[in-house]
Amino acid sequence: MSKPSREQIQRAVSYFEQAEAIWIGAGAGLSVAAGVDFSDEKSFARDYPGMLQYGVRRKLDMMGVWDLPQELTWGYYLPHVKETRFGEVRGGVYKQLLRLAEQCGNYFVKTTNADGLFERNGFPKPRIFTPQGDYCRYQCLTPCTQETWSTESLFATFLPLVDKRTQQLPRGMHPKCPRCGGPTFLNVRGGDWFVETPYEEESARHAEWLAKHVKKRLLVLDLGSGFNTPMWIRWPAENLVAEHPNARLVRVNLHNPEVPSAIADRAVSFASGADVVIDAVLRERLLRARSDSATL
């Protein structure tokens, strides 16, 4: 992690001050900055000891794994979802980001994170698009229906049945599709079984907002999106700036802060945590406001 320079922060602040609208694109790195760490082996061993026997050492190892027995799938994911989606609201960096967004007043969020932290930290739901899904819903894996159901409604029935030694539910005791009785999973994008229906209205609002604001002085924030699924945040952020001369890019990424050379003169990037950068931008804006007040 590198410490942002004063010059970098001042450039980012100037983009914020000039912006007529802000497009916020957020990947896993933003939630990491809020304390949601999918790579922490110590806490994983403490909270999910039964998973160690399967060679799983961290939450990150379970990402993209869809073909386990239902008893193990739900034995792991139910406590994980309760902790990540419905547990303690870790919000420092999200609340600071909301302050910045509200200073502009015109913003929209597109995030691949399924943890609901934008909404739980005060961002209005109509301003959020979650194309990768949301842990708050589960669905049929066939799928036999476009319906989805509340994951939270499963906790009382199934969480007490999870065997901590094996991280499994009793055989045959797992959430089943209310329609066909078949296997189920979280309503998150992982294959052609993903039910898009809950996000169609979000997608339409997002497209309408972009169409209305894309030719204005648009500030594009790319916070913590890497190359696991770059088609959702990283590449759209770059394309918005490349295609619209009035747009500016602020990219924050610990591991992949690079910006295409074609838009480098309209961008600033940080190899730092989002919490560090957002805090520094807020402080600089406050200093400028105080300075302006003192000169009046």
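Heads up: these notes are all about the structure in this document. Worth saying up front: this structure is predicted, and the values here are computed from it rather than measured. (Residues numbered from 1 in each chain as written. Predicted model: local features only at pLDDT ≥ 70, side-chain atom pairs only at ≥ 80, totals over all residues. Heavy atoms only, no water.)

Time to look at the overall build of the chain. When its secondary structure is counted, the chain shows ten helices and nine strands. Computed over its C-alpha atoms, the radius of gyration of the chain comes to 21 Å, within 12% of the 19 Å expected for a compact globule of 296 residues. The C-alpha extent of the chain, read off along each of the three principal axes, is 70 × 40 × 35 Å. Sorting the 296 residues of the chain into buried and exposed places 49% on the buried side. Looking at the chain as shown, the accessible area adds up to about 14,000 Å², and 51% of this sits on carbon and sulfur atoms. For the chain, the distance from the average site of its 37 positive side-chain charges to the average site of its 34 negative ones is 3 Å. (Helix = DSSP H or I, 4+ residues; strand = E, 2+ residues; numbered from the N terminus. Rg over C-alpha atoms; globule rule 2.2 N^0.38 Å. Buried < 20%, exposed > 50% of the residue type's maximum accessible area, 1.4 Å probe, protein only. Areas by Shrake-Rupley, 256 points an atom, 1.4 Å probe, with all protein chains shown as cover. Lys, Arg positive; Asp, Glu negative; His and termini not counted. Charge placed at Lys NZ, Arg CZ, Asp CG, Glu CD.)

Time to look at the nonpolar core. Burial of nonpolar side chains together is a common tendency in soluble globular proteins. If you look at the biggest cluster of nonpolar residues, it comprises 85 residues, and the most contacted ones within it are Ile24, Phe118 and Phe123. Contacts of Ile24, omitting those with residues within four sequence positions, involve Leu97, Ala101, Phe108, Val109, Lys110, Phe118, Phe123, Leu221 and Leu223. (Core = buried A, V, L, I, M, F, W, Y, C linked by side-chain atoms within 4.5 Å. Contact = heavy atoms within 4.5 Å.)

This paragraph deals with the sheet that holds strand β7 (residues 218-223). With parallel pairing, six strands are arranged side by side in an open sheet as β3-β2-β1-β7-β8-β9. In this open sheet, the two strands that pair with only one neighbour each are β3 (128-129) and β9 (267-270). In terms of strand pairing, strand β1 (residues 21-26) meets strand β2 (residues 107-111) through five bridges, oriented parallel. Residue Ile22 lies in a different strand from β2, and its bridge partner there is Tyr107. Where helix α1 (residues 6-18) meets the sheet, it contacts β1, β7, β8 (248-252) and β9, and its direction lies at approximately 130 degrees from that of β9. Each of β1, β2 and β7 touches helix α5 (residues 92-104); the most contacted strand, β1, lies at about 155 degrees to it. (Pairing = 2+ DSSP bridges. Axes fitted to C-alpha atoms, helices over the stretch in contact; angles between N-to-C directions.)

Let us look at the state of the cysteines. This structure, assessed with the given rule, holds zero disulfides. Here Cys144 is not disulfide-linked; the sulfur of Cys177 is the nearest cysteine sulfur, at 3.6 Å. Look at Cys144 and you get partly exposed, because its relative accessible area is 39%. (Disulfide = S-S within 2.5 Å.)

A few words on the side chain of Glu238. Position of Glu238 among the secondary structure elements: in helix α9 (residues 234-243). A relative accessible area of 14% means that Glu238 is categorised as buried. Those residues within four positions of Glu238 in sequence are excluded, and the remaining contacts are Arg251, Pro260 and Ile263.

The buried fraction of strand β6 (residues 184-188) is high, at five of five residues. As paired strands, strand β4 (residues 133-140) and β6 are joined by four bridges and run antiparallel to one another. Looking at β6, one finds that Cys140 is bridged to Thr184.

This paragraph deals with the environment of Met63. Along the polypeptide, Met63 turns up in the loop between α3 (41-47) and α4 (70-86). The contacts of Met63, once residues within four sequence positions are left out, are Phe38 and Tyr135.

Before going further, it helps to examine the sheet that holds β4. Pairing is antiparallel across the open sheet formed by three strands, whose spatial order is β5-β4-β6. In the strand order of this sheet, the two ends are held by β5 (149-150) and β6, each with one partner.

The subject of this paragraph is the packing of aromatic side chains. As enumerated under the stated definition, the model contains 14 aromatic pairs in all. Ring geometry for Phe108 versus Trp209: centroids 6.0 Å apart, planes at 45 degrees, classification tilted. Of this pair, Phe108 sits in strand β2 while Trp209 sits in helix α8 (residues 200-213), and the two are 101 residues apart along the sequence. In terms of burial, Phe108 and Trp209 fall into one category: buried. For the cation-ring pair, Arg127 lies above Tyr107, with the distance from its terminal atom to the ring centre recorded as 4.4 Å. (Phe/Tyr/Trp six-rings, centres within 6.5 Å; stacked < 30°, edge-to-face > 60°. Lys NZ or Arg CZ within 6 Å of the ring centre and 35° of its normal.)

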